[in-house]
2 protein chains.
Amino acid sequence: MEPDTRSRILDAAESLLVQHGLDATTLRMITAAAQANLAAANYHFGSKEALIEAVFRRRLTWLNEQRIAALDALEVEAKGAPLKPRQIVESFFGVAIRMAADKNGGQTFMRLLGRAYTEPTEFVRSFLAEEYAAVIARYKAAFFKALPDVPQEEFLWRFHFMMGALSYAVSGADALSILGPIDDSNPDALYARLMSFLIGGLRAPLPEVNSKPVRKARTKRAA
Amino acid sequence: MEPDTRSRILDAAESLLVQHGLDATTLRMITAAAQANLAAANYHFGSKEALIEAVFRRRLTWLNEQRIAALDALEVEAKGAPLKPRQIVESFFGVAIRMAADKNGGQTFMRLLGRAYTEPTEFVRSFLAEEYAAVIARYKAAFFKALPDVPQEEFLWRFHFMMGALSYAVSGADALSILGPIDDSNPDALYARLMSFLIGGLRAPLPEVNSKPVRKARTKRAA
DNA sequence: AACATTGTCAAACAGCTGTTTGAAGTCTGC
DNA sequence: GCAGACTTCAAACAGCTGTTTGACAATGTT
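Residues numbered from 1 in each chain as written. Chains lettered and ligands numbered in written order. Predicted model: local features only at pLDDT ≥ 70, side-chain atom pairs only at ≥ 80, totals over all residues. Heavy atoms only, no water.

Summing up its helical and strand segments, chain A has ten helices and zero strands in all. From first element to last, N terminus to C terminus, chain A shows the α and β order α-α-α-α-α-α-α-α-α-α. Its C-alpha atoms give chain A principal-axis dimensions of about 70 × 45 × 40 Å. Relative to its full complement of 223 residues, chain A shows a buried share of 51%. Carbon and sulfur atoms make up 51% of the accessible area of chain A, which totals about 11,000 Å². (Helix = DSSP H or I, 4+ residues; strand = E, 2+ residues; numbered from the N terminus. Buried < 20%, exposed > 50% of the residue type's maximum accessible area, 1.4 Å probe, protein only. Areas by Shrake-Rupley, 256 points an atom, 1.4 Å probe, with all protein chains shown as cover.)

All names here are of chain B. For the pair helix 7 (residues 122-146) and helix 8 (residues 152-169), interaxial distance at closest approach is 11 Å and the crossing angle is 125 degrees. Classified by the angle their axes make, helix 7 and helix 8 are oblique. At the point where helix 7 passes helix 8, the crossing takes the right-handed sense. Along its contact with helix 7, which presents Tyr-132, Ile-136, Lys-140, Phe-143 and Phe-144, the element helix 8 presents Gln-152, Phe-155, Leu-156, Phe-159 and Met-163. (Axes fitted to C-alpha atoms, helices over the stretch in contact; angles between N-to-C directions. Parallel < 35°, antiparallel > 145°, perpendicular 65-115°, else oblique. Left-handed = near helix turned anticlockwise from the far one by under 90°. Contact = heavy atoms within 4.5 Å.)

Let's shift gears to the environment of A:Pro3. Residue and element names in this part refer to chain A. Positionally, Pro-3 belongs in the segment before helix 1 (5-20). The class for Pro-3 is partly exposed, based on a relative accessible area of 39%. Along the primary structure Pro-3 and Val-170 are separated by 167 residues, whereas in three dimensions their C-alpha atoms are 28 Å apart.

Under the fitted operation, chain A is carried onto chain B by 0.0 Å of movement along the axis and a turn of 180 degrees, and the coordinates agree to an RMSD of 0.0 Å. When the rotation and shift are considered jointly, the pair of chain copies conforms to a two-fold rotation axis. (Least-squares fit on C-alpha atoms with pLDDT ≥ 70 in both.)

The structure is reproduced here in structure tokens:
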């Protein structure tokens with residue numbers, strides 16, 4: 001019930017960061033909530049930026065290891081054959097939804113992570129890219145193999161859109177309230193809903209992307 | 001080339017807010033960029049919060065009026081018949097993508113808006129809900145009529161997911177860079193890609209949402 | 001036992017925050 | 001040309017920010 005100071009600061013920071021955002025959360029708020037001295041934050045982490053980074057890394061590293069492990073398992077089972085897109089989507093986003101369902105901090109963290117992805121602050125995007133690099137590379141390869149008829153650029157956009165849908169899916173009832181009263185208390189239902197949506201979007205017919213303006217499609221054949 | 005101080009402050013604020021976020025953007029940064037005196041911000045807007053609200057309202061009100069006008073036009077043409085889901089999606093999200101394609105500030109604003117939707121700060125969500133209320137009500141009604149076989153709760157989630165995809169779609173190349181080098185300079189292509197994805201997700205098969213755990217689906221019939 | 005390491009704590013630091021003030025300037029209409 | 005409203009400006013305000021310091025206690029090592 002009373003871990004060491006370092007852990008208490010991390011937990012308090014995580015909870016406060018998602019409530020107030022990165023800048024609006026002060027070290028005094030964090031250390032007060034953690035029942036620690038103000039100087040303890042700098043003693044254990046060096047700076048506020050380093051503390052925030054530690055908050056992210058603590059769970060994100062584990063999250064992406066889970067994703068890679070899930071992909072490993074699928075690929076072993078498939079014995080070299082391409083995976084089904086649904087399997088890949090489920091392993092990547094399923095891990096995230098499952099973490100968001102975890103009341104013990106995971107829910108808090110996923111909301112924080114969803115926002116961080118489009119965070120303007122540079123140092124956040126910087127170590128986020130670092131943490132994601134390996135897992136993104138693996139999943140890109142798996143998807144390209146599973147969807148050979150989808151142009152790679154097209155897929156990357158769809159992956160990006162899927163990340164956006166995930167971000168909003170875990171963003172919490174506050175954002176949802178704009179649409180009206182919705183129940184977001186059932187993780188299993190959320191999982192099923194998001195998966196349907198993502199697969200539907202991923203497998204949608206390819207758009208006609210012309211290299212030139214939309215109006216009058218010039219059927220200019222290459223010479 | 002040199003509008004009045006009030007407009008210069010609004011423009012500078014918009015640009016800086018999307019670059020640094022709401023809290024990290026200071027009035028001194030804004031007024032300096034606007035070549036105005038620090039006190040001018042408070043003189044013209046009263047407070048920093050009111051200034052931010054004005055930045056949002058300036059474009060958001062117009063954006064949602066466009067959406068309602070587009071829906072009006074569709075419904076007049078349909079003469080009481082339900083619209084096609086694709087038409088509704090295109091009118092709602094098309095306006096947004098078109099604004100995001102406008103280099104003259106619209107692009108900046110859409111990135112700001114996408115993030116604001118999940119902003120933790122209360123006063124932002126507060127007037128955002130206010131601005132969205134009318135347009136959401138109209139579109140909900142149109143969608144419910146167009147998709148009578150989709151449960152309303154299911155649709156609201158899908159709408160929420162679509163907003164997430166839109167948010168990421170306009171978030172800019174910074175966020176995309178995590179996935180690798182992608183070209184986001186072609187608005188027409190982005191429009192086509194996003195529409196395909198959204199329609200695909202919207203029309204996806206309904207998920208099996210059980211009220212009880214997923215593992216062993218108990219076929220318990222009502223007494 | 002004495003030593004070194006590690007952690008905690010109150011206090012202070014310089015710097016930046018949004019906001020207010022009151023005087024100086026600028027523009028109207030008469 | 002002068003009154004009156006509107007706008008700009010430099011300066012100051014109290015309050016909060018992240019970080020540092022040096023003294024103190026706790027713990028483990030020789």
